[in-house]
Every structure is written in structure tokens, then in C-alpha cells.
Amino acid sequence: MVSNRPIKEKFQLWGLTNLLKLFFLTEQHLLKIKSINYPQEQFIFSMWHCHQCLVYGVKDKSSFYALISASNDGEIIAKAAECLNIKSVRGSTQRRGVAASLELIEKLKEGNSAGIMVDGPRGPKGKVKDGIINIAKITGVPIVPVAWHSKDKTFFHFNSWDRFIAPFGPCKTVALYGNPISIPSELTKEETKFWCEKIETEMNNLQNDLETNYDKYLNQPD
């Protein structure tokens, strides 16, 4: 619990959170996201961990929840994201996994949408874990794969395990949304694996399409 942390650690978390808030609030005015095929109905976004800044482009943040790790890093991100009206459910496979899944299922049953970083929080990079499949199976909410790309030099790649991407300064990007994928309500272990691989393939195909046809998408009329 936060209240049991040493004063020094609390102060560090407070400082980092407020710095990140300042960055988020500044960047939202500098970042331009061109959304292609944005879903019109309730959804669960399937995104890579490196693309989590895509939540800038969520159109109705009042009914959107992001699944964010229960780690210290996740706490900083979750608290800072509140300044953008982005709400979170805290947990991962390593910590609070079951509780977080149940909470997110409840939010989806209430009619909200969600975003899940499907290879987070520690990888392996580019591999879809089965959490999103299980949540979609129980709730009946379709999964929408997402890709994100920019040619701008301000679309900065970090040297982290996931090659995390964040825009710094003025930046034009394109977010390409795939077609909704409905998951059957009953699945065997092998069928769950099949759907993980299918979502992974769809995400990779979207990314390849976007990177190949980026200029066409960027200049597409609204």
C-alpha cells in the first residue's frame, strides 16, 4: 500500500507523477492522431505495450478503462493519465491478475470499453497473452486490433524491452483500427491459443499495412 512506503519513495513517486502529468497535458496539444476505421460500438482495444500512448486517441474517454500494471511504474502512469480523463484498472499476470480481470469484466458489462496491452508488462514482445481472449469470451465485447505509426523524428523509440514509443513535441501519427473480432463464449485451451495467434497475426498485418501505406492513410480525407 502507498501509505506503508518510506517518505522518500512517496516523494519520488509524487514528483515523477507530476512531471508525467505536465508532459501529458503539454503533448495532447502537440500530438495529432489520424484515426482510420475507429470503432463505432463498444470494444476492447488490443495494442502492443510499446503503443500504450495510443490512448491519447480514444474518442470517448469517459467510458474507457485501460488495464495498467500494479507496479510502481504502472502507478505513476495511471495517476498521471487521470489528467487526460483516462481511467484505469490495475493489475497484470504477475500481480493482481485475477482481481484486475474481474474488475475489468465488470466495467465492460456496465457498457464501457477498454484497452489492453496484450504483451505487457514484461513480454515477450509481440506475443499476445490469453487474458484479452478470456475477458472478451466472458463479456461478449469484440476485440479491435490497433496499429500506430509515424515518420516524424519526434516519434521517439526508447531502448526498452518493448521498444516503447512516445511522441515528444509536435508529431503527426496514424492509428489504424482493425475490424472487430468476436470471441466464442466457450473455448478449449487449444482454441484459446488459436485466438491468441489470430489476434497476433491481425495486429502484425495491420502494422505492416500501416507502415507500407502510411502516407496514403495520413492524407486520407476525414
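Structure's up top.
It should be emphasised that the depicted structure is a prediction, and the values quoted were computed from it without experimental measurement. (Residues numbered from 1 in each chain as written. Predicted model: local features only at pLDDT ≥ 70, side-chain atom pairs only at ≥ 80, totals over all residues. Heavy atoms only, no water.)

Draft legend 1. Molecular detail of the packing of aromatic side chains. If you walk through the whole model with that rule in mind, you get 17 aromatic pairs. On the basis of an interplanar angle of 50 degrees and a centroid distance of 6.1 Å, the ring pair of Phe23 and Phe24 is categorised as tilted. Classification of Phe24 as buried rests on a relative accessible area of 10%. Their ring planes at 90 degrees and their centres at 5.2 Å tell us that Phe156 and Phe158 sit as a pair that is edge-to-face. Classification of Phe158 as partly exposed rests on a relative accessible area of 30%. (Phe/Tyr/Trp six-rings, centres within 6.5 Å; stacked < 30°, edge-to-face > 60°. Buried < 20%, exposed > 50% of the residue type's maximum accessible area, 1.4 Å probe, protein only.)

Draft legend 2. Highlighting the nonpolar core. If you look at the biggest cluster of nonpolar residues, it comprises 30 residues, and the most contacted ones within it are Phe24, Phe45, Leu54, Tyr56, Phe64, Trp148 and Tyr177. Sorting the residues of this core by element identifies helix H1 (7-30), strand S2 (44-47), strand S3 (64-68), helix H2 (72-81), strand S6 (143-149), strand S8 (165-167) and strand S9 (171-177) as the ones contributing at least two each. Formed by 27 residues, the second largest nonpolar core is a distinct cluster that contains Ile181, Leu187, Cys196 and Met203. (Core = buried A, V, L, I, M, F, W, Y, C linked by side-chain atoms within 4.5 Å. Helix = DSSP H or I, 4+ residues; strand = E, 2+ residues; numbered from the N terminus.)

Draft legend 3. Up close: the side chain of Thr17. Tracing the chain through its elements places Thr17 in helix H1. According to the relative accessible area criterion, Thr17 is buried, its value standing at 8%. Each residue touching Thr17, except ones within four places of it in the same chain, is listed here: Ile76, Lys79 and Ala80. (Contact = heavy atoms within 4.5 Å.)

Draft legend 4. View of unusual backbone geometry. Omega for the bond connecting Gly123 with Pro124 falls within 30 degrees of zero, at 10 degrees, which places this linkage in the cis form. Here Pro124 shows up in the loop between strand S5 (113-117) and helix H4 (131-139). Non-glycine residue Asn37 carries a positive phi angle of around 65 degrees. Relative to the assigned elements, Asn37 resides in the loop between strand S1 (31-36) and S2.

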